[in-house]
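One letter stands for each residue in the lines below.
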Amino acid sequence: MLLASDATSPVFTWDLIADFQDMWSYDFMVNAFRAGLVVAVVCAVVGWFMVLRRQTFAGHTLSVAAFPGASLAVLAGFSTSLGYFGFCVAAALVIAALRRSGSEESAVTGTVQAFALACGYLFISLYKGLLEGPTALLFGSFLGITTGQVVVLAVVGAVVLGVLAVIGRPLLFASVDPEVASGRGVPVRALGTLFLVLLGAATAEASQITGTLLVFALMVIPAATAQQFTARPGSSLLLSVLIALVACWAGLIAAYYQPYPLGFFVTGFAFAGFVLAHLYRFARDAVARGRAPLAIGGSA
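All of these numbers come straight from a predicted model, not from anything done at the bench. (Residues numbered from 1 in each chain as written. Predicted model: local features only at pLDDT ≥ 70, side-chain atom pairs only at ≥ 80, totals over all residues. Heavy atoms only, no water.)

Peer 1: For this particular structure, what's the right way to read the packing of aromatic side chains?
Peer 2: A ring pair, where both rings are aromatic, is described by two values, the distance of the centres and the angle of the planes. Tallied over the entire structure, the rule returns nine aromatic pairs. Ring geometry for Tyr26 and Phe28: centres 5.5 Å apart, planes at 40°, overall tilted. The class for Tyr26 is partly exposed, based on a relative accessible area of 37%. With centroids separated by 5.1 Å and ring planes inclined at 90°, the aromatic side chains of Trp48 and Phe49 adopt a geometry described as edge-to-face. A relative accessible area of 7% means that Phe49 is categorised as buried. By way of ring pairs, the aromatic residues Tyr26, Phe28, Tyr256 and Tyr257 are connected into one cluster. (Phe/Tyr/Trp six-rings, centres within 6.5 Å; stacked < 30°, edge-to-face > 60°. Buried < 20%, exposed > 50% of the residue type's maximum accessible area, 1.4 Å probe, protein only.)

Peer 1: Help me understand the packing of helix α2 (residues 27–52) against helix α9 (residues 188–210) in this model?
Peer 2: Packed helix pairs are specified by the crossing angle of their axes together with the interaxial distance, meaning the distance between the axes. Direction vectors running N to C along α2 and α9 enclose 145°, while the axes themselves pass 9 Å from each other. For the crossing formed where α2 meets α9, the hand is left-handed. Mapping the contact onto sequence places Ala35, Gly36, Val38, Val39, Val42, Cys43, Val46, Phe49 and Met50 in α2 and Phe195, Leu198, Leu199, Ala202, Glu205, Ala206 and Ile209 in α9. Residue classes in the contact of α2 with α9 are distributed as 14 nonpolar, one polar and one charged. (Axes fitted to C-alpha atoms, helices over the stretch in contact; angles between N-to-C directions. Helix = DSSP H or I, 4+ residues; strand = E, 2+ residues; numbered from the N terminus. Left-handed = near helix turned anticlockwise from the far one by under 90°. Contact = heavy atoms within 4.5 Å. Nonpolar A, V, L, I, M, F, W, Y, C, P; charged D, E, K, R; others polar.)

Peer 1: Any chance you could explain the environment of Tyr127 here in plain terms?
Peer 2: Of note, Tyr127 is situated in the loop between α5 (102–126) and α6 (132–139). The partly exposed category is assigned to Tyr127, whose relative accessible area is 22%. Considered as a pair, Tyr127 and Ser71 are 56 residues apart in the sequence and their alpha carbons are 8.3 Å apart.

Peer 1: How do you make sense of the side chain of Gln228 when you look at a structure like this?
Peer 2: Secondary-structure assignment places Gln228 in helix α10 (residues 216–229). Given a relative accessible area of 13%, Gln228 falls into the buried group. Sequence-distant contacts of Gln228, defined by excluding residues within four places in its chain, comprise Ala277, His278, Arg281 and Arg284.

Peer 1: Got a minute to help me understand helix α4 (residues 80–98) in this structure?
Peer 2: Side chains three or four residues apart in an α-helix point the same way, a direct result of the helix having 3.6 residues per turn. In a regular helix each residue adds 1.5 Å, so 19 residues correspond to 27 Å; α4 covers 27 Å between its end C-alpha atoms and thus fits that length. For α4, every residue scored as buried is listed here: Ser81, Gly83, Tyr84, Phe85, Cys88, Ala91, Ala92, Ile95 and Ala96. (Expected span 1.5 Å × (residues − 1).)

Peer 1: Whenever I open this one, helix α3 (residues 56–76) confuses me. Can you help?
Peer 2: Its 21 residues give α3 an end-to-end C-alpha distance of 31 Å, which sits within 8% of 30 Å, the value for a rise of 1.5 Å per residue. Phi turns positive, to about 85°, at Gly77, one or two residues after α3.

What follows is the structure, encoded as structure tokens:
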């Protein structure tokens, strides 16, 4: 991280104990780290299943739905958290009710996304206040995170993780081989609908940290990065949580010292990990290819 050039801005001194004491002397930063912990864990777990189920387009659509929800909340003057959760969960239910399979499902999801985006632009155009509020909704901010919001995030996160713990095994089965799972009596469609609702709740949580435009960072990148290192479900899931937590907390630290949106830093750190994972896999595959002729020659 670079040092802040403004004398009135916080300065990163590399005295980590003093830096963290200074940073955590502010209630809003303590709340931001608490919220980041909840959001990172929930998004990493839900995002892991989303990537496995190849529903990233649906996840992206739900992140777009967070935009009109938050915009309407700002316009009407009520809690933005209510706007986030209300629109995301509603969009998830609409997609679940109208979805079919293949191209029809993609068309339904795209239609919901287009309508949600149009509503967001309408609410923004009707908003007559300062643009700083909507900008924070789009790109994320840690300044407005309150203790009440942290409590809401923690309760919703606990519910989401609790439900996933109950349906995790059949959901994994239905995600890997839905036809066989359906033949063995697994309620594939009901699980799919329930998962979309959980995905909507997780998206609403992440939007309050990264902003609605960059929520996909915590939903996709950690899971996609973890799967580059290992194909084992348990190890991959835990690694996804670790990557999301590091990206979120590192982003908070960087945003505290630099006057740039929090969502950019969270996304940037997560993307850097994704690139490093691909480089690691490329190097590992290159070494494996180099050893293969030696093994064949040795066995000959």
